[in-house]
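# Results of the structural survey
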Amino acid sequence: MMEHFDEELQKAVESGQMPVGPEEDITAYQHVFRALAKDPGYALPPGFAEKVAASLPQKGQEHSKLVWIGYAAGLVFMTVAAIFTGLMTGLKLHLGFFKEISSYTGLVIVAAVLIAAVQWLDHKLVTERIRGGSGG
Amino acid sequence: MTDEKTLVSRVLAGEREAFVLLVKQYERLVVHMVGRVVRHAEDREEICQDVFMRVYQNLGKFKFESRLSTWIATIAYRQAVNYVRSKKAPVTSIQEDERIEHQLMEASTPESMFEDRDLDDFILKMVDALSPAYKTVLTLYHLHGMSYDEIGEATGMPEGTVKNYLFRARHLLKEKIKASIGREVL
């Protein structure tokens, strides 16, 4: 009952009507509603919006997705072309080539390690520097 | 204020200036949401930044089924609550709310409250002492003019709970003010 009366009082004060009830309750509610409409004082620093926008992915990075799609499309095209050529020329695969290189196992391993090392160094020293330079 | 649909389509088209405009338009809402849940002022800016990054990443999924402000408030509330949970601080339960209500009623009032400004500051301090759920509901309703339904959507609370929280919070504040004003008159 009391709760219902209080609820009606809140509605009346909020809508700016002339509430009927104890004066002290009405005054207290008026103070509460006025204070609640005030800003609590939390604020973000000036230039916050620009800072957030600057941290969005760079256009170049978005573009790199397209580059990867291009690589994939190229790979698919080359595979299809190779299969087609093989079929047209009647190419037959045999294990002779692998037998030949099996006598140079050490050389093959060294070559693979060297290629991997060059790729890794390129990624670490060159690509990251280029990205760092364009980012900021 | 820029029209929501125009603004969203400009951001989706990759216009950086449009995104700056979007952030400026909603940063007050986001900082209020985050501020009501996260106590440490130094963490708020970072969380607000994360909120806008999430908004940017998911803007394409926004279907205008609600107002943009409600959708952004939802993201801000979830982000803030997840942050508090990640810091292993429990998000206040109903029982906790009752304890806070009790504390609030027992808290001392300033000696002089004849000035309206002092009284407003005092009320805002009391609001700040409430649990995040109460504070968030009060802020969205009174400062951002959201409906019960929209607050429910943003916070994941049933509409009845939103109404109940609003009523209880205002009732608590009223009782506290009434007691303080009574003391002043005597």
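A few points on the structure. Because the structure is a prediction, the values reported are computed rather than measured. (Residues numbered from 1 in each chain as written. Chains lettered and ligands numbered in written order. Predicted model: local features only at pLDDT ≥ 70, side-chain atom pairs only at ≥ 80, totals over all residues. Heavy atoms only, no water.)

### Thoughts on the packing of aromatic side chains
Within the structure shown, the criterion is met by eight aromatic pairs over all chains. Ring geometry for Trp 68 of chain A versus Tyr 71 of chain A: centroids 5.5 Å apart, planes at 75 degrees, classification edge-to-face. Here Tyr 71 of chain A and Trp 68 of chain A lie together in helix α4 (residues 59-89), a separation of three residues that amounts to about one turn. Both residues of the pair, Trp 68 of chain A and Tyr 71 of chain A, count as exposed. Note on Phe 62 of chain B and Trp 71 of chain B: the rings are 5.0 Å apart at their centroids and 35 degrees apart in plane angle, and the pair reads as tilted. One aromatic cluster in this structure is built from Phe 62, Phe 64 and Trp 71 of chain B. Sitting over the ring of Phe 64 of chain B, Lys 5 of chain B keeps its end group 5.3 Å from the ring centre. (Phe/Tyr/Trp six-rings, centres within 6.5 Å; stacked < 30°, edge-to-face > 60°. Helix = DSSP H or I, 4+ residues; strand = E, 2+ residues; numbered from the N terminus. Buried < 20%, exposed > 50% of the residue type's maximum accessible area, 1.4 Å probe, protein only. Lys NZ or Arg CZ within 6 Å of the ring centre and 35° of its normal.)

### Details of the interface of chain A and chain B
The parts lose accessible area when they come together, and the size of an interface is often stated as this lost area. Of the residues lining the interface, 34 residues belong to chain A; the matching set on chain B comes to 40 residues. Considering only the surface of chain A that becomes buried against chain B, Leu 36, Tyr 42 and Leu 56 of chain A emerge as the three largest contributors, covering 20% of it. Our count for the chain A to chain B interface comes out at eight salt bridges. For Arg 34 of chain A, the salt bridge is made with Asp 120 of chain B, and the minimal N-O distance between the two is 2.9 Å. Where chain A meets chain B, there are 17 residue pairs in polar contact (both at pLDDT 80 or more). Elements represented by at least two residues in the side of chain A that touches chain B include exactly α1 (2-15), α2 (23-36) and α3 (48-54) of chain A. Within the side of chain A that touches chain B, the residues separate by chemical class into 19 nonpolar, three polar and twelve charged. (Contact = heavy atoms within 4.5 Å. Buried area = accessible area lost by both parts, 1.4 Å probe. Salt bridge = Lys/Arg side-chain N within 4 Å of Asp/Glu carboxyl O. Polar contact = N/O pair within 3.5 Å; in protein donor to acceptor, adjacent residues only side chain to side chain. Nonpolar A, V, L, I, M, F, W, Y, C, P; charged D, E, K, R; others polar.)

### Focus on the pattern of salt bridges
Between side chains of opposite charge, a pair can form as their charged atoms come close. In total, this model carries 15 salt bridges over all chains according to the counting rule given. Between Glu 150 of chain B and Arg 67 of chain B there is a salt bridge whose closest N-O contact spans 2.9 Å. Here Arg 67 of chain B lies in the loop between α3 (41-58) and α4 (68-86) and Glu 150 of chain B lies in helix α8 (residues 148-155), a separation of 83 residues in the sequence. Across the pair Lys 135 of chain B and Asp 128 of chain B runs a salt bridge, and its minimum N-O distance is 3.9 Å. Judged by its relative accessible area of 3%, Lys 135 of chain B is buried. Look at the salt bridges and you will find they share partners, linking Asp 6 and Asp 25 of chain A together with Lys 174, Glu 175 and Lys 178 of chain B into a network.

### Concerning empty space enclosed by the protein
Space left empty within the atom packing is revealed by a probe, the size of a water molecule, rolled over the atoms. Scanning the entire structure with this criterion turns up one cavity of 30 Å³ or more. By volume, the largest cavity is sized at about 40 Å³. The wall of the largest cavity is formed by Leu 36 and Lys 38 of chain A together with Arg 36, Leu 124, Leu 138, Thr 139, His 142 and Leu 143 of chain B. With three residues, the top contributor of residues to the lining of the largest cavity is helix α7 (residues 132-142) of chain B. (1 Å grid on protein atoms, 1.4 Å probe; cavity = no way out; pocket = protein on both sides within 12 Å on 5 of 7 lines; lining within 4 Å. Points joined across faces, edges and corners; volume = space filled by probe spheres on them.)

### Things to note about the nonpolar core
Ranked by internal contacts, the top residues of the largest apolar core, which has 69 residues, are Phe 19, Leu 22, Phe 52 and Leu 68 of chain B. Element by element, the count of residues in this core is highest for helix α2 (residues 16-37) of chain B, at twelve residues. Those residues in contact with Phe 52 of chain B, other than ones at most four positions away along the chain, are Phe 48 and Val 52 of chain A together with Phe 19, Leu 22, Val 23, Tyr 26, Glu 27 and Val 30 of chain B. Among the nonpolar cores identified, the runner-up in size contains five residues, and Val 13, Ile 26, Tyr 29 and Phe 33 of chain A belong to it. (Core = buried A, V, L, I, M, F, W, Y, C linked by side-chain atoms within 4.5 Å.)

### What to know about the packing of α2 of chain B against α7 of chain B
Pairs of packed helices are described in terms of their axes, by the angle between the two and the distance that separates them. All names here are of chain B. One way to put it is that α2 packs onto α7 with a least axis distance of 8 Å and a crossing angle of 160 degrees. Viewed along their axes, α2 and α7 adopt a mutual orientation that is roughly antiparallel. Relative to α7, α2 is oriented so that their crossing is right-handed. Contacts from Leu 29, His 32, Met 33, Arg 36 and Val 37 in α2 reach Pro 132, Lys 135, Thr 136, Thr 139 and Leu 140 in α7. Residue composition of the contact of α2 with α7, grouped by class: five nonpolar, three polar and two charged. (Axes fitted to C-alpha atoms, helices over the stretch in contact; angles between N-to-C directions. Parallel < 35°, antiparallel > 145°, perpendicular 65-115°, else oblique. Left-handed = near helix turned anticlockwise from the far one by under 90°.)

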